[in-house]
Amino acid sequence: MDNAGSNQDKGNGKYAGKFPKIAQQTRLLNILVIFAVIYTLYLAKSLLVPLFFSVFVALLLSPLIAFARKLFIPRTLSAGALIILLVAPFTFLGIELAEPAERWMQSLPKIAAEISKEIEEISSNIDAYATPPAEPVEKERSFFSWFGNDEKTSELSPSQDNTNSVTDKIKQSGIDIGLTLFSNAPFLLAQVLACIVLIFFLLVFGPNLFNVFVRDFPIVTNKRRTLVLVDQIQRELSSYIVTISIINSCLGLATAGVFYYLGIDDALLWGALVALMNFVPYLGGVASCVVLLVVGLVQFGLTSSAFLPAGLFLVLNIIESQLITPAVLGRSMQLNPLIIIIWIAITGWLWGVVGVLLAVPILMCFKIILENLGVFDHWIKLLESK
């Protein structure tokens, strides 16, 4: 018995020395896998961004396709009708906003020049008050100057550069923004068309592919739970996105109505802009305030009225974000603001503007999946913490 006990102790000691090394190697391997996934997401963003966006839209529209199927309407007809109903309002809005948007794009260099001129005037006034006037210094006359012709000595003043580096950067940034938008327009149009085609095919052929995957693939062990999970994600995510879309649309209409009543130029354009940017929590409101502040400076000049557009939007945004949205969504759809900002920064770095817009829906998907699987309760509490 003693020999058996001693042999067991030796075996435990031998494995005790190996297990920490295996655990350390496993952690390092997990870290490498995470970095590999991040690199793949960044490298394949031109492929993954339209795919993720199309899957989200198809997931939202698939209940309507299923309802039309119960009415014996073919999937092709119902999917085509939904695509037309989805694209037509945005096309009409784009046509209406194309002219003022193009006008603002063409006037960006002029706006940058005006802002730089205002900055130069402010900086020169500050320098005039801050810098005391220099006392004239009398130059000593040499002995030989008494015998020559009297020459007028010109006082040397320090050379002042008329061009300011800050204003030059402002002007150049305005030109760069316009050139970037125009150069990326064909690629953006191609991605939009690819998304429309992909959404159509996902609506027509996606449900059958999903049913075959769940029914026949051995990787899906609990088929019923998979169907329930997908249905739960679909319902909760649809409810969240539809509710947020209605709230943001109302915010944009209210902003456009107030601006139109007060005589602010291109009220519909700024209403559509703040409605779109409000899909990005917290940061979208800040960016809208900055844009509207520039709009006020362009229209009203450097006066107190320049703060009117940004101030009015700030009041409407506070009412929406602090009263309306929490009351409509409730606590189940609330997320921690700090986690949202960090997640938006990560997805924006990975996928750009589309990643910023998809950040919150993707985070909501993770939360819904964890809740329905009943795992990682501490992560759910972290996401919902206030």
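In this convention, every chain numbers its residues from 1, walking through the sequence in written order. Local features are withheld for residues below a pLDDT of 70 in this predicted model, meaning they are given only at 70 or higher, and side-chain atom pairs are given and counted only at 80 or more; totals for whole chains, interfaces and linings count all residues. Excluded from the side-chain calculations are hydrogens and water; all other atoms, namely the structure's heavy atoms, are used.

**Observations regarding the overall build of the protein chain**
- In terms of helices and strands, the protein chain carries eleven helices and zero strands.
- Listed N to C, the secondary structure of the protein chain is α-α-α-α-α-α-α-α-α-α-α in terms of helices and strands.
- For the exposure calls, accessible area comes from a 1.4 Å probe over protein chains only, and a residue counts as buried if that area is under 20% of its type's maximum, exposed if over 50%, partly exposed in between. Here the protein chain holds 386 residues, and 26% of them are scored as buried.
- Residue pairs at least 24 apart in sequence account for 70% of intrachain contacts in the protein chain once pairs closer than 6 positions are excluded.
- In this description, accessible areas are obtained by the Shrake-Rupley approach with a 1.4 Å probe, and a residue is regarded as covered only by the protein chains that are shown. When the accessible surface of the protein chain is summed, it comes to about 26,500 Å², and 69% of that surface belongs to carbon and sulfur atoms. Helix and strand assignments come from DSSP, with helices taken as H or I runs of at least 4 residues and strands as E runs of at least 2, each series counted from the N terminus. Any two residues whose heavy atoms approach within 4.5 Å are treated as being in contact.

**Observations concerning the pattern of salt bridges**
- In the sections that follow, a salt bridge refers to a side-chain nitrogen of Lys or Arg positioned within 4 Å of a carboxyl oxygen of Asp or Glu. Under the counting rule described, the total for this entry stands at two salt bridges.
- The salt bridge involving Lys367 is made with Glu371; its shortest N-O contact spans 2.8 Å. Taken as a pair, Lys367 and Glu371 lie in helix α10 (residues 337-373) at a separation of four residues, close to a single helical turn.

**A word on the nonpolar core**
- Judged by nonpolar contacts, the single largest core of 27 residues is most densely connected at Tyr240 and Leu335.
- In terms of residue count, the dominant contributor to this core is α10 (14 residues).
- To qualify as a nonpolar core, a set must consist of buried Ala, Val, Leu, Ile, Met, Phe, Trp, Tyr and Cys residues joined through side-chain atoms within 4.5 Å. If you look at the next biggest cluster of nonpolar residues, it comprises 14 residues, including Leu251, Leu269, Trp270 and Leu292.

**What to know about the packing of aromatic side chains**
- What counts as a ring pair is set by centres within 6.5 Å for rings of Phe, Tyr and Trp (its six-membered ring), and what kind of pair is set by the plane angle: stacked under 30 degrees, edge-to-face over 60, tilted for all other angles. With the rule as written, the count across this model stands at five aromatic pairs.
- With centroids separated by 5.9 Å and ring planes inclined at 20 degrees, the aromatic side chains of Phe201 and Phe205 adopt a geometry described as stacked. In this pair, Phe201 and Phe205 are both assigned in helix α5 (residues 165-216), four residues apart and thus about one turn of the helix distant.
- Summarising the aromatic geometry, the rings of Trp343 and Phe366 are spaced 6.0 Å apart at their centres and angled 70 degrees between planes, so their arrangement reads as edge-to-face.
- On the accessibility criterion, Phe366 (42% relative accessible area) is partly exposed.

**So, the environment of Leu276**
- One can find Leu276 in helix α7 (residues 267-277).
- A relative accessible area of 48% places Leu276 in the partly exposed class.
- C-alpha of Leu276 to C-alpha of Leu251: the two residues are 25 residues apart in sequence and 10.0 Å apart in space.

**A closer look at a nonpolar patch on the surface**
- A cluster of nonpolar side chains, contributed by Leu28, Ile31, Ile34, Phe35, Ile38, Tyr42 and Trp349, occupies part of the molecular surface with about 720 Å² of accessible area.
- At six residues, the largest contribution of residues to the nonpolar patch is made by helix α1 (residues 2-43).
- By secondary structure assignment, the location of Ile31 is in helix α1. Patch rule: a residue counts if its relative accessible area is over 30% and it has no salt bridge; like charges are joined within 9 Å, and nonpolar side chains (Val, Leu, Ile, Met, Phe, Trp, Tyr) within 5 Å.

**Looking at helix α9 (residues 308-329)**
- Helix span, as expected, comes to 1.5 Å for every residue beyond the first. With 22 residues, α9 extends 30 Å between its outermost C-alpha atoms, agreeing within 8% with the 32 Å of an ideal straight helix rising 1.5 Å per residue.
- Given a residue, its bend is the angle between the two axes fitted to the seven residues that end at it and to the seven that start from it. By the largest-angle criterion, Glu320 marks the main kink of α9, which is about 35 degrees.
- For α9, the full list of buried residues reads Pro309, Ala310, Phe313, Asn317, Glu320, Thr325 and Leu329.
- Close packing links the buried residues of α9 with α6 (223-262), α7 and α8 (283-300).

**Examining the environment of Leu373**
- Within the secondary structure layout, Leu373 lies in helix α10.
- Along the chain, Leu373 and Leu229 lie 144 residues apart, while their C-alpha atoms are 8.0 Å from each other.
- Ignoring sequence-local partners within four residues, the contact set of Leu373 consists of Arg225 and Leu229.

**What about the packing of α8 against α9?**
- Axes, fitted as lines to C-alpha atoms, cover a helix only where it is in contact. Angles between the N-to-C directions of the axes lie from 0 to 180 degrees. Axis separation between α8 and α9 bottoms out at 6 Å; the angle between their running directions is 150 degrees. Our classification of the angle between α8 and α9 gives roughly antiparallel. Together, Gly285, Ser288, Cys289, Leu292, Leu293, Gly296 and Phe300 of α8 and Pro309, Ala310, Phe313 and Leu314 of α9 make up the contact between the two elements.
- Throughout this entry, Asp, Glu, Lys and Arg are counted as charged residues, while Ala, Val, Leu, Ile, Met, Phe, Trp, Tyr, Cys and Pro are counted as nonpolar. The remaining residues, Gly among them, count as polar. The residue inventory of the contact of α8 with α9, partitioned by class, reads eight nonpolar, three polar and no charged. An angle below 35 degrees is treated as roughly parallel, one above 145 as roughly antiparallel, one from 65 to 115 as roughly perpendicular, and anything else as oblique.

**Points about the side chain of Glu320**
- You can see Glu320 is positioned in helix α9.
- Not counting chain neighbours up to four residues away, the residues in contact with Glu320 comprise Ile247, Leu251, Asn278, Thr325 and Pro326.

**Examining the confidence of the model for the protein chain**
- For every residue, the predictor assigns a confidence score, pLDDT, that lies between 0 and 100. The predicted model of the protein chain averages 76 in pLDDT, with 72% of residues at 70 or higher.
- Between the elements of the protein chain, mean pLDDT differs from a low of 67, seen in helix α4 (residues 108-130), to a high of 88, seen in α7.
- Segment residues 8-17 is flagged for pLDDT under 50; beyond a separation of four residues in sequence, or across chains, it makes zero contacts in the model.
- Throughout residues 142-148 the model reports pLDDT below 50, and contacts reaching past four residues in sequence, or to other chains, amount to zero contacts.

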